[in-house]
Amino acid sequence: MTTYNVAIAADHHEAEEFAAWLNEQGHTAEVGSTTRTTIDGQQNDVVSEQLWNDYCKAF
């Protein structure tokens, strides 16, 4: 499994919960200080969307 360093957008409506879930999955995640989500320091909409979809399916 590929793991990522994720900084979640500070204004994301479930930022804390999403970060906690990502950490439980083996990623390193935190709520960032900007309104942009980054994956390994880069904006990556494909990976970001996949992680969000996985999170949504988990509940």
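Residues numbered from 1 in each chain as written. Predicted model: local features only at pLDDT ≥ 70, side-chain atom pairs only at ≥ 80, totals over all residues. Heavy atoms only, no water.

Trainee: Quick rundown of the packing of aromatic side chains? Include the residues and the values.
Mentor: Following the criterion strictly, the structure yields five aromatic pairs and no others. Here Phe18 and Trp52 contribute two aromatic rings whose centre-to-centre distance is 5.1 Å and whose plane-to-plane angle is 90 degrees, an arrangement assigned as edge-to-face. In this pair, Phe18 sits in helix H1 (residues 15-24) while Trp52 sits in helix H2 (residues 45-57), placing the two residues 34 residues apart along the sequence. Taken together, a centroid distance of 5.1 Å and an interplanar angle of 55 degrees make the contact between Phe18 and Tyr55 tilted. A residue pair is termed long-range when its members are at least 10 positions apart, and Phe18 in helix H1 and Tyr55 in helix H2 qualify at 37 residues. Residues Phe18 and Tyr55 agree in their burial class; the two are buried. (Phe/Tyr/Trp six-rings, centres within 6.5 Å; stacked < 30°, edge-to-face > 60°. Helix = DSSP H or I, 4+ residues; strand = E, 2+ residues; numbered from the N terminus. Buried < 20%, exposed > 50% of the residue type's maximum accessible area, 1.4 Å probe, protein only.)

Trainee: Could you give an account of the packing of H1 against H2, with specific residues and numbers?
Mentor: Any two packed helices are characterised by how steeply their axes cross, that is the angle between the axes, and by the distance between the axes. For the pair H1 and H2, the least separation of the axes is 11 Å and the interaxial angle reads 90 degrees. As summarised for this structure, H1 and H2 are arranged roughly perpendicular, according to the angle between their axes. Here Glu17, Phe18, Trp21 and Leu22 of H1 come into contact with H2, specifically with Leu51, Trp52, Asp54 and Tyr55. Per-class residue counts for the contact of H1 with H2 are six nonpolar, no polar and two charged. (Axes fitted to C-alpha atoms, helices over the stretch in contact; angles between N-to-C directions. Parallel < 35°, antiparallel > 145°, perpendicular 65-115°, else oblique. Contact = heavy atoms within 4.5 Å. Nonpolar A, V, L, I, M, F, W, Y, C, P; charged D, E, K, R; others polar.)

Trainee: Go over the sheet that holds strand S1 (residues 5-8) with me, naming the residues and quoting the values.
Mentor: Working definition: the strands of a sheet are paired by backbone hydrogen bonds and lie parallel or antiparallel to each other. Ordered by their spatial adjacency, three strands build an open sheet running S2-S1-S3, and the pairing between neighbours is mixed. What marks the edges here is a single partner per strand, and that holds for strand S2 (28-31) and strand S3 (38-39). Bridge analysis of S1 against S3 gives two bridges, and the strand direction is antiparallel. By the bridge assignment for S3, Ala7 is matched with Thr38. (Pairing = 2+ DSSP bridges.)

Remember, this is a structural readout, not a statement about activity or role.
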